[in-house]
Amino acid sequence: MTIQLGVVMDPIATIKAHKDSTFAMALEAQRRDWVLTYIEQRDLFARDGEAWARMRPLTVADDPQHWFTLGAERTAPLSTLDAVLMRKDPPFDLEYIYSTYLLELAERRGVLVVNRPQALRDHNEKLAITGFAHCIPPTLVSRERARLRDFAVAQQEVVIKPLDTMGGGSVFRVRADDPNLSVILELMTQQDTRTVMAQRFVPEISAGDKRILLIDGVPVPWMLARIPAAGETRGNLAAGARAEGRALGARERWLCDQVGPALRERGLLFVGLDVIGDFLTEINVTSPTGIRELDRLFGLNIAGLLIDAIAHRLPPAAARSAAHPAG
């Protein structure tokens, strides 16, 4: 029986296929003759307690000019699929949360959703690190300016970031004696009404913000160090950082050992850890990237490892056929 794979993602016409990890996953699934179905977040809906979607057959090609073809639109229950990749980029807003509820309805009917909807809700990409306090730099989560100011004074230099953005958006590095500290805290907390995260500044950012990919709790043995651009603190490719491939060291492997088993148990099959110096700084679960860069640098097939993990978790073909005989 052919495996039916749905992909919930941002508009495919807008992606940069040469660096898009979701696209790498789609390419690998197609190589295995899995049938791809394209879904955007807005296409999801529920009717009479069942999750449905507007769907289009998807064909992909590793061609920078013509990387996808969409077939005729149809509307069908998500239970006609074997698995769904939830790869919608942040912001992690109410619409995103609503989508996880819809995907959870499909999960209850036997569809494997990657990553698991409840785990996506439970693991804010900034806050999730607080569950591994022994792995992180001194960190404060608060919306009180006075408390955040005291923390900045105690640490001397901090990074302050919102809890719902990606790509380094609205991240500030600030010293305790910076004359702009008060206005930055006003802006970030929206006058004590918005919760933010403050972390002690880790100077090893100059050597790179290291992205480590975990598949079913196991790290890829190579990582992507994102070196900040001149005059920048943020190690994000979206902020102009330069990517450099490196082998995992002892500290990175130790960090993976600390968090990998717990993330796997919670249904997080594909995760991106951000590590600066010796410290875990973020756990990316919504749409972590880095596959295509690492594949090119080291001759890997990371998407293949993920598709293997998905295939391993799918029920036998006979059970899938019984679950949705219309296919």
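### So, helix α1 (residues 21-31)
For an α-helix, the turn length of 3.6 residues means that residues three or four places apart are oriented alike.
Here's step 1: Across the 11 residues that make up α1, a large majority, 9, are buried.
Here's step 2: For α1, the complete set of buried residues consists of Ser21, Thr22, Phe23, Ala24, Met25, Ala26, Leu27, Glu28 and Ala29.
Here's step 3: Between the side-chain oxygen of the N-cap and the backbone nitrogen of Thr22 there are 3.0 Å, and the N-cap of α1 in question is Asp20.
Here's step 4: Asp33, located one to two residues past α1, shows a positive phi value of around 70°.

### Things to note about the state of the cysteines
Here's step 1: Counted under the stated rule, the structure contains 0 disulfides.
Here's step 2: A disulfide-free cysteine, Cys135 has its sulfur positioned 9.8 Å from the sulfur of Cys256, the nearest such atom.
Here's step 3: Judged by relative accessible area, which is 0%, Cys135 ranks as buried.

### Details of the pattern of salt bridges
When the charged atoms of two side chains lie near each other, side chains of opposite charge can form a pair.
Here's step 1: All told, the structure shown has 29 salt bridges when counted by the stated rule.
Here's step 2: Arg175 is the salt-bridge partner of Asp177, the closest N and O atoms lying 3.5 Å from each other.
Here's step 3: Here Asp177 falls in the exposed class, since its relative accessible area comes to 59%.
Here's step 4: The partly exposed category is assigned to Arg175, whose relative accessible area is 40%.
Here's step 5: The residue Lys210 makes a salt bridge to Glu252 at a minimum N-O spacing of 2.7 Å. Within this pair, whereas Lys210 is found in strand β13 (residues 209-215), its partner Glu252 is found in helix α6 (residues 250-265), the two being separated by 42 residues in sequence.

### Regarding the sheet that holds strand β11 (residues 172-175)
Here's step 1: Read across the sheet, 4 strands follow the order β9-β12-β10-β11 without closing on themselves; strand pairing throughout is antiparallel. Of all strands in the sheet, those bounded by a partner on one side alone are β9 (139-142) and β11. Each strand of the sheet is rotated relative to its neighbour by a mean of 25°, with strand direction disregarded.
Here's step 2: Taken together, the 4 bridges between β9 and strand β12 (residues 196-200) define a ladder with antiparallel strand orientation. Residue pairing across strands places Val141 opposite Met197, the latter belonging to β12.

### With respect to unusual backbone geometry
Excluding glycine, residues mostly have negative phi values, and the peptide bonds linking residues are mostly trans.
Here's step 1: The residue after Pro90, namely Pro91, is reached through a cis peptide bond having omega 25°.
Here's step 2: Locating Pro91 in the fold gives a position in the loop between β7 (83-86) and α2 (94-108).
Here's step 3: For the bond running from Val114 to Asn115, omega is 0°, close enough to zero to count as cis.
Here's step 4: Here Asn115 is to be found in the loop between β8 (112-114) and α3 (117-122).
Here's step 5: A positive phi angle, close to 75°, is found at Gln156, a residue other than glycine.

### Observations concerning the environment of Leu255
Here's step 1: Checked against the element boundaries, Leu255 lands in helix α6.
Here's step 2: Taking relative accessible area as the criterion, Leu255 reaches 1% and is therefore assigned buried.
Here's step 3: In sequence terms Leu255 and Ile136 are 119 residues apart; their C-alpha atoms lie 9.7 Å from each other.
Here's step 4: Those residues in contact with Leu255 that sit more than four places away from it in its chain are Cys135, Val275, Asp278, Phe279 and Leu280.

### Let's talk about the packing of aromatic side chains
Here's step 1: In the structure shown here, the tally under the stated rule is 4 aromatic pairs.
Here's step 2: Measuring from ring centre to ring centre gives 6.2 Å for Phe45 and Trp52, while their planes differ by 25°; the resulting arrangement is stacked.
Here's step 3: A ring pair is formed by Phe92 and Tyr96, whose centres lie 5.1 Å apart and whose planes are at 40°; its orientation type is tilted.
Here's step 4: A cation sits over an aromatic face here: Arg47 above Trp52, 4.0 Å from the ring centre.

Here is what the cut-offs are and how they apply
- Residues numbered from 1 in each chain as written.
- Predicted model: local features only at pLDDT ≥ 70, side-chain atom pairs only at ≥ 80, totals over all residues.
- Heavy atoms only, no water.
- Buried < 20%, exposed > 50% of the residue type's maximum accessible area, 1.4 Å probe, protein only.
- Helix = DSSP H or I, 4+ residues; strand = E, 2+ residues; numbered from the N terminus.
- Polar contact = N/O pair within 3.5 Å; in protein donor to acceptor, adjacent residues only side chain to side chain.
- Disulfide = S-S within 2.5 Å.
- Salt bridge = Lys/Arg side-chain N within 4 Å of Asp/Glu carboxyl O.
- Pairing = 2+ DSSP bridges.
- Axes fitted to C-alpha atoms, helices over the stretch in contact; angles between N-to-C directions.
- Contact = heavy atoms within 4.5 Å.
- Phe/Tyr/Trp six-rings, centres within 6.5 Å; stacked < 30°, edge-to-face > 60°.
- Lys NZ or Arg CZ within 6 Å of the ring centre and 35° of its normal.

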